[in-house]
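What follows is the residue order along each chain.
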Amino acid sequence: MTVYFIGAGPGAADLITVRGRDLLARCPVCLYPGSLTPPDLLAHCPPGAKLVDTARLSLDEIVAELTTGADVARLCSGDPSIYSAVAEQMRRLDAAGVPYEIVPGVPAFAAAAAVLGRELTVPEVGQSLVITRMRARSTAMPPGEDLATFAASGATLALHLAVNLIERVVEDLLPHYGADCPAAVVARASQPGQRIVRAVLGRIAPEVRAAGIDRAAVIFVGRVLTAEAFPDSYLYSASRDRPD
């Protein structure tokens, strides 16, 4: 047997990879993350497949479903490499001697950037992206990974799992980015009910509250969000050295 950790993408059923879709279509067992998985995606499962909603399962219960002896498609919202809680599942599978593979998917921040119509790395404006979160009821942040530390770099920020703490986010970022720094919040990117709020940092919190956004959102902060006066990339520059 093999467990396939498959990035299901940000929500739209057609944003799964072809590899992920094909594996989903041949695995007799599929574990999926509750309301985050569109029904159209589960339609790719083979007839008679065992479908398990993991929303209310404990880690032990999930691992029990992963180790039944059949190939398992373990759907993860977005991409398994970030905020997917697969690390502890893989650790359990290693201990049990169960093989697994990881199939990447479209992460939520990438889908949100696409909705905004922005590149997150712009020449001479921003070339770094920090993907992070705020602590609420989740596990503690490691030392040195507080928001103010990241903000001191001035890099573009993409914050997951933080929209309910938007006032705290703004408070931590204002000393580093200024009240006029562009910001945006995208909720449910690529899904029905998708919403976008654009504002400067000093105004983003009340705008988000007024829009009623309280979950499934990515917060962006950085000058790249509105950058227009920037040089063309060297990648396609006429002055770039090119092979004969």
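Scroll up for the structure.
Quick caveat: nothing in here was measured; it's all calculated off a predicted structure.

## Some words on helix α7 (residues 166-177)
Here is step 1 of the chain: Within α7, burial applies to I166, V169, V170, L173 and Y177. What you see down the axis of α7 is that its buried residues fit within an arc of 90°, all on one side. Exposed positions of α7 whose direction lies more than 90 degrees from the buried face are E171 and P175.
Here is step 2 of the chain: On its buried face, α7 is in contact with α6 (147-151), β7 (156-160), α8 (201-211) and β10 (217-221).

## Considerations on the nonpolar core
Here is step 1 of the chain: Core analysis: the biggest nonpolar cluster contains 29 residues, and L173, I204 and V221 have the highest contact counts within it.
Here is step 2 of the chain: If you list the elements that add at least two residues to this core, you get α6, β7, α7, β8 (182-187), β9 (195-200), α8 and β10.
Here is step 3 of the chain: Counting residues per element, this core draws most heavily on α7, at 5 residues.
Here is step 4 of the chain: If sequence neighbours within four positions are ignored, I204 has contacts with I166, V170, A183, A184, V185, V197, R198 and A199.
Here is step 5 of the chain: Residues Y4, I16, L24 and V103 belong to the second largest nonpolar core, which totals 16 residues.

## With respect to unusual backbone geometry
Excluding glycine, residues mostly have negative phi values, and the peptide bonds linking residues are mostly trans.
Here is step 1 of the chain: Despite not being glycine, E124 has its phi angle at roughly 65°, a positive value.
Here is step 2 of the chain: Take E124: it is sitting in the loop between α5 (108-116) and β6 (129-133).
Here is step 3 of the chain: Among the residues examined, E124 registers a relative accessible area of 75% and is labelled exposed.
Here is step 4 of the chain: Look at L161: it is not a glycine, yet its phi comes out positive at around 55°.
Here is step 5 of the chain: With respect to the helices, strands and loops of the structure, L161 is situated in the loop between β7 and α7.
Here is step 6 of the chain: L161 gets classed as exposed once you look at its relative accessible area, which sits at 57%.

## Observations concerning the pattern of salt bridges
Here is step 1 of the chain: For the coordinates displayed, the defined rule picks out 8 salt bridges.
Here is step 2 of the chain: Across the pair R26 and D71 runs a salt bridge whose closest N-O atoms are separated by 3.7 Å. With a gap of 45 residues between them, R26 in the loop between α1 (18-24) and β2 (29-32) and D71 in the loop between α3 (59-66) and β4 (72-76) connect regions that are remote in the sequence.
Here is step 3 of the chain: On the basis of relative accessibility, which here comes to 22%, the residue D71 falls in the partly exposed class.
Here is step 4 of the chain: The partner of E207 in a salt bridge is R203, with the nearest N and O atoms 3.8 Å apart. One end of the pair is E207 and the other is R203, both in helix α8 and 4 residues apart, which spans about a single turn.

## Overview of the sheet that holds β6
Here is step 1 of the chain: With mixed pairing, the 5 strands of this open sheet are ordered in space as β6-β7-β10-β8-β9. Here the strands that pair on one side only, and so sit at the sheet edges, are β6 and β9. Strand-to-strand, the axes of this sheet are offset by a mean angle of 15°, without reference to chain direction.
Here is step 2 of the chain: Alignment of β8 against β10, held across 5 bridges, turns out to be antiparallel. The partner of A183 across the bridge, within β10, is V221.
Here is step 3 of the chain: Where α5 meets the sheet, it contacts β6, β7, β8, β9 and β10, and its direction lies at approximately 65° from that of β10.
Here is step 4 of the chain: Along the sheet face, α7 touches β7 and β10 and points at about 15° away from the line of β10.

About the thresholds
Residues numbered from 1 in each chain as written. Predicted model: local features only at pLDDT ≥ 70, side-chain atom pairs only at ≥ 80, totals over all residues. Heavy atoms only, no water. Buried < 20%, exposed > 50% of the residue type's maximum accessible area, 1.4 Å probe, protein only. Helix = DSSP H or I, 4+ residues; strand = E, 2+ residues; numbered from the N terminus. Arc of directions from axis to C-beta. Contact = heavy atoms within 4.5 Å. Core = buried A, V, L, I, M, F, W, Y, C linked by side-chain atoms within 4.5 Å. Salt bridge = Lys/Arg side-chain N within 4 Å of Asp/Glu carboxyl O. Pairing = 2+ DSSP bridges. Axes fitted to C-alpha atoms, helices over the stretch in contact; angles between N-to-C directions.

Everything listed is a geometric property; what it means functionally is a separate question.
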